[in-house]
Amino acid sequence: MGASRIPRLLRGPAALPAVLLLLPLLLLAGGCTREEAQKPGKPEEGLGSGSPFTGLAGRGGPVLGVKIDNAEPARPQAGLERADIVYVERVETGLSRLLAVYSSHRPERAGPVRSARESDVELLEQFGRPALAFSGAQSKLLPVIDEAPLFPVGPDKAGDAYVRDPAKPVPHNLFVRPEQALAAAPDADRPRDIGFRFGPAPKGGEATAERTVRYPAASFGFTWDAGEKRWLISFDGTPAATAAGGRLSAATVVVQHVKIRDSDFGDRSGNVSPFTETVGAGKAEVLRGGRSHQARWERGSAGDGTEFTDADGERLRFARGPVWVVFTE
């Protein structure tokens, strides 16, 4: 702005008192509330200087995905409460497994770790070249994983990162130590924009105290806790606990409606593995602040992030904190 366009009140030695008097009005005129202006270090709306995965302060370290068991003998899982993002996927016979993404925090251990699926390869490509901890995969799928833009850090490549817990039955007792796993993938990418946006709650939405997503042989419940300002999570109708006895929760829950079809791979029992199509477009529900917001998701290619928009085509903002994404038809 040239000097000729600056008001006389804001020029010269007497400018400072005038600027101080006008600052609140200038902030409000620019669309910033007094409350927002008084919050030091608050990340900018969208990405700002915060994590592109949670919107919280700090960009985070290398990205590690961990394929986590969700069968009843595997619970309570370790390390889920430290994940930035948790993806919920349908697997054989209508059961579920989880893909936890870590960057901001590295728990001492995470798991139980189970085998990867073809869907994981496509889903993880939006993160660049992350590391992936998994217990193995169907033999025909292993070459696909090895050729994918990621760093496989299974027991065959990072054996020192894995431990067995004798308190749990096989195969639900394999755990990974993220610090050691990432040591085997020193070039794993750091966080990048994957399409999420964070900031003030969007207008509208429908008051929602509970939401349940059902698979043929599994279910996920999300109950709004106004005191904690989090969605409390349940597995198969039972509160989902952490290994330390706390309650699993999320700041934002996305119910993403996708196409789930048969893949070219199967398990040892001859069951065909589902393939979850995360490239494309479709409907979604974004749960935040005790309300449900209808949205549209779009992801142009495997290397692109996933954008969530409202009815007007505007990017739909998430609450800052952990995000759970549940894929369902």
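Heads up: the structure comes first, above all this text.
Residues numbered from 1 in each chain as written. Predicted model: local features only at pLDDT ≥ 70, side-chain atom pairs only at ≥ 80, totals over all residues. Heavy atoms only, no water.

## Examining the packing of aromatic side chains
Tallying each qualifying case throughout the model produces eleven aromatic pairs. With a centroid separation of 6.0 Å and 90 degrees between ring planes, the pair formed by phenylalanine 198 and phenylalanine 318 is classed as edge-to-face. A residue pair is termed long-range when its members are at least 10 positions apart, and phenylalanine 198 in the loop between α5 (178-183) and β8 (206-207) and phenylalanine 318 in the loop between β19 (307-309) and β20 (323-328) qualify at 120 residues. Judged by its relative accessible area of 1%, phenylalanine 318 falls in the buried class. With centroids separated by 5.8 Å and ring planes inclined at 65 degrees, the aromatic side chains of tyrosine 215 and phenylalanine 220 adopt a geometry described as edge-to-face. As far as the burial class goes, tyrosine 215 and phenylalanine 220 line up, both buried. What links up through ring pairs into an aromatic cluster is the set Phe196, Phe198, Phe308 and Phe318. (Phe/Tyr/Trp six-rings, centres within 6.5 Å; stacked < 30°, edge-to-face > 60°. Helix = DSSP H or I, 4+ residues; strand = E, 2+ residues; numbered from the N terminus. Buried < 20%, exposed > 50% of the residue type's maximum accessible area, 1.4 Å probe, protein only.)

## Brief notes about the pattern of salt bridges
Inspection of the entire model under this criterion finds 14 salt bridges. Between arginine 75 and aspartate 236 there is a salt bridge; the shortest N-O distance is 2.9 Å. Placement of arginine 75 in the loop between β1 (64-69) and β2 (85-90) and of aspartate 236 in the loop between β11 (230-235) and β12 (238-239) is noted, with a sequence separation of 161 residues between them. The class for aspartate 236 is partly exposed, based on a relative accessible area of 37%. In this structure, glutamate 307 engages arginine 315 in a salt bridge whose closest nitrogen and oxygen atoms are separated by 3.5 Å. Judged by its relative accessible area of 36%, glutamate 307 is partly exposed. Arginine 315 sits in the partly exposed class, given a relative accessible area of 27%. It is possible to trace a salt-bridge network through shared partners that takes in Lys67, Glu89 and Asp120. (Salt bridge = Lys/Arg side-chain N within 4 Å of Asp/Glu carboxyl O.)

## What about the nonpolar core?
By size, the foremost hydrophobic cluster in this structure holds 41 residues, and its most contacted members are Val66 and Val176. When near neighbours in sequence (up to four residues on either side) are disregarded, valine 66 contacts Leu98, Leu99, Ala100, Tyr102, Ala110, Val113, Ala133 and Val176. (Core = buried A, V, L, I, M, F, W, Y, C linked by side-chain atoms within 4.5 Å. Contact = heavy atoms within 4.5 Å.)

## Quick word on unusual backbone geometry
Residues glycine 111 and proline 112 are joined by a peptide bond in cis, for which omega reads 5 degrees. When you line up the elements, proline 112 lands in the loop between β3 (96-102) and α3 (118-124). Here the amide bond leading from valine 170 into proline 171 is cis, since omega sits at 10 degrees, within 30 degrees of zero. With respect to the element layout, proline 171 can be found in the loop between β6 (162-164) and β7 (174-176). Residues other than glycine seldom take positive phi values, yet aspartate 236 does so here, at roughly 55 degrees.

## Observations regarding the environment of serine 51
Looking at where serine 51 falls in the secondary structure, it is placed in the loop between α2 (34-37) and β1. With a relative accessible area of 1%, serine 51 lands in the buried category. Measuring from C-alpha to C-alpha, the distance between serine 51 and serine 104 comes to 7.7 Å, with 53 residues separating the pair along the chain. The contacts of serine 51, once residues within four sequence positions are left out, are Leu56, Gly58, Arg59, Ser104 and Phe198. Of note is the side chain of serine 51, whose polar atom sits 3.0 Å from the backbone nitrogen of phenylalanine 53. (Polar contact = N/O pair within 3.5 Å; in protein donor to acceptor, adjacent residues only side chain to side chain.)

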